[in-house]
Structure formats: C-alpha cells, structure tokens
Amino acid sequence: MEFQELMENLKARGFAAQYFETAEEAKAYLARSVKNQTVGFGGSVTCDELGLYDLLSAENQCFSHWRNGPAARDERVSTYLCSANAVAMSGELVNIDGTGNRVAATLYGPKRVIFVVGKNKICPDLHAAIDRARNVASPLNARRLGAKTPCAEKGDRCYDCKSPGRICKGMVIHMGAMRGADQNEVLVIGEDLGY
C-alpha cells in the first residue's frame, strides 16, 4: 500500500501525520512524546490492542472511557487518544458513535488529539470510508458490546435499524484538523489494528 499520498493529504488538511511501519515504532514514539500530561482515551480497540493505556500511565495521569468513565472526555484532559473507524485516502477521518463519548473530545477540549489507525482502516475515498465505518466497524463493535441489533446478530452490515440498543447514533467526519487544539495528529501504522 502506498502511504505517501495519504500522508500528504492528511497534512494538507492540517493534521500532523506520521507513518510507522510497525506498532512497536508507533508505541515508542508515543512513549517519547506524551509525558507529564493528563491523557484521555476514548473507547478504542486499536489503543487497547496496543496497550497504550498501560504504556502511557507510566509517565502520565491517564483516564479511559472503558476504565474510568466520562473523565476521559473532560476538558481537563490535555491529550486525547482514540482511533478512527475509517480514513479516506483524501484525508478525511470517519467515526460513528452511540453516545458521543468517543468523538466528543476529538472535536473540542484537549489541546492535543491523536488518532491511531491501522492500515486496515484506509479506504480509497470518503464514500468508501463511510461505508467501512457503517458496514465493517459498527457491526463488529455492536457484536463486541453484545448489542441486540440486526448488525450484531448477523454481523454482515448495517441495517439502519431503529433498535433501542443501536450503537451508531451519530457520525463525525473530520474534514480537517479542528481549530482550538494545538495539535491534531494522525498516526498511521502499517499493520491491521482494531475494527
């Protein structure tokens, strides 16, 4: 896969973009560059698979949506880590959320927002990225969470259901780095990670 075009398009949209061949290289970068911070984690299988909460807890005060609840999106968090459900080659980031807890801090609050994404989330264009978020990531997350939805039960696609347990209530498309944050970073890793 050619990552240079994606890096250029992310940077043109105002993101500080970096490519890492391996997860270990990305983890080493994060351990070096995130120190003495208050760090929040949104619900992220990617960050969990990489062990970033434990890694960064050594030199930071960390909060995780999964471990500590809503404090992970508190405005007092200076650095926020999450992933994206999909990344378009044109540089847009797509996330779907049920309560907004995961995407809220990517939009407003923390001074540094870091998206950590595996190569499996890269899509040729925005349309394909939206399709991936809805029909790949959302059903897998619904199944992981035990949601009583058609996508979790069948696991093949979004049914645009009206189920009370629906986990996809809102979609956020980052068309560029948000104003207000000192730095919006996208770390692309040349391995498959998360959903």
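Residues numbered from 1 in each chain as written. Predicted model: local features only at pLDDT ≥ 70, side-chain atom pairs only at ≥ 80, totals over all residues. Heavy atoms only, no water.

Remarks on the pattern of salt bridges
Reasoning step 1: Summed over the entire model, instances satisfying the criterion amount to 6 salt bridges.
Reasoning step 2: Here lysine 27 makes a salt bridge to glutamate 24, at a shortest N to O gap of 3.6 Å. Of this pair, lysine 27 and glutamate 24 both sit in helix H2 (residues 23-33), 3 residues apart, which is roughly one turn of that helix.
Reasoning step 3: For the salt bridge of lysine 162 with aspartate 160, the shortest nitrogen-to-oxygen distance reads 4.0 Å.
Reasoning step 4: The exposure class assigned to aspartate 160 is partly exposed, which follows from its relative accessible area of 38%.
Reasoning step 5: A cluster of three or more residues bridged by salt bridges with shared partners is formed by Arg134, Asp160, Lys162 and Arg166. (Salt bridge = Lys/Arg side-chain N within 4 Å of Asp/Glu carboxyl O. Helix = DSSP H or I, 4+ residues; strand = E, 2+ residues; numbered from the N terminus. Buried < 20%, exposed > 50% of the residue type's maximum accessible area, 1.4 Å probe, protein only.)

Focus: helix H1 (residues 4-12)
Reasoning step 1: What H1 keeps buried is the set Leu6, Met7 and Leu10. Angular distribution of buried residues about the axis of H1 spans 100 degrees; they occupy a single face of the element.
Reasoning step 2: Residues of H1 that are buried sit in contact with strand E1 (16-20), strand E5 (86-88), strand E6 (93-97), strand E8 (122-123) and strand E10 (183-189). (Arc of directions from axis to C-beta. Contact = heavy atoms within 4.5 Å.)

Here we look at the sheet that holds strand E3 (residues 61-64)
Reasoning step 1: An order of E1-E10-E7-E4-E2-E3 is seen for the 6 strands of this open sheet, with the pairing classed as parallel. Looking at strand neighbours, the two that pair on one side only are E1 and E3, the edges of this open sheet. Direction aside, neighbouring strands of the sheet carry axes that sit 20 degrees apart on average.
Reasoning step 2: Each of E1 and E10 touches H1; the most contacted strand, E1, lies at about 160 degrees to it.
Reasoning step 3: Contacting E1, strand E4 (79-82), strand E7 (112-118) and E10, H2 runs over the sheet at an angle of about 155 degrees to E10. (Pairing = 2+ DSSP bridges. Axes fitted to C-alpha atoms, helices over the stretch in contact; angles between N-to-C directions.)

Some words on the pairing of E10
Reasoning step 1: The buried fraction of E10 is high, at 6 of 7 residues.
Reasoning step 2: Direction of pairing for E1 relative to E10: parallel, over a ladder of 5 bridges. Of the residues in E10, the one forming a bridge with alanine 16 is glutamate 185.
Reasoning step 3: Where E7 meets E10, 7 bridges bridge the pair, whose relative direction is parallel. Looking at the pairing, glycine 118 lines up with isoleucine 189 of E10.

Brief notes about unusual backbone geometry
Comment: phi is negative for the bulk of residues other than glycine, and the bulk of peptide bonds are trans.
Reasoning step 1: Within the chain, asparagine 36 stands out as a residue other than glycine whose phi angle is a positive 55 degrees.
Reasoning step 2: The residue asparagine 36 is located in the loop between H2 and strand E2 (38-41) in this model.
Reasoning step 3: Its identity is not glycine, yet aspartate 160 carries a phi of approximately 45 degrees, on the positive side.

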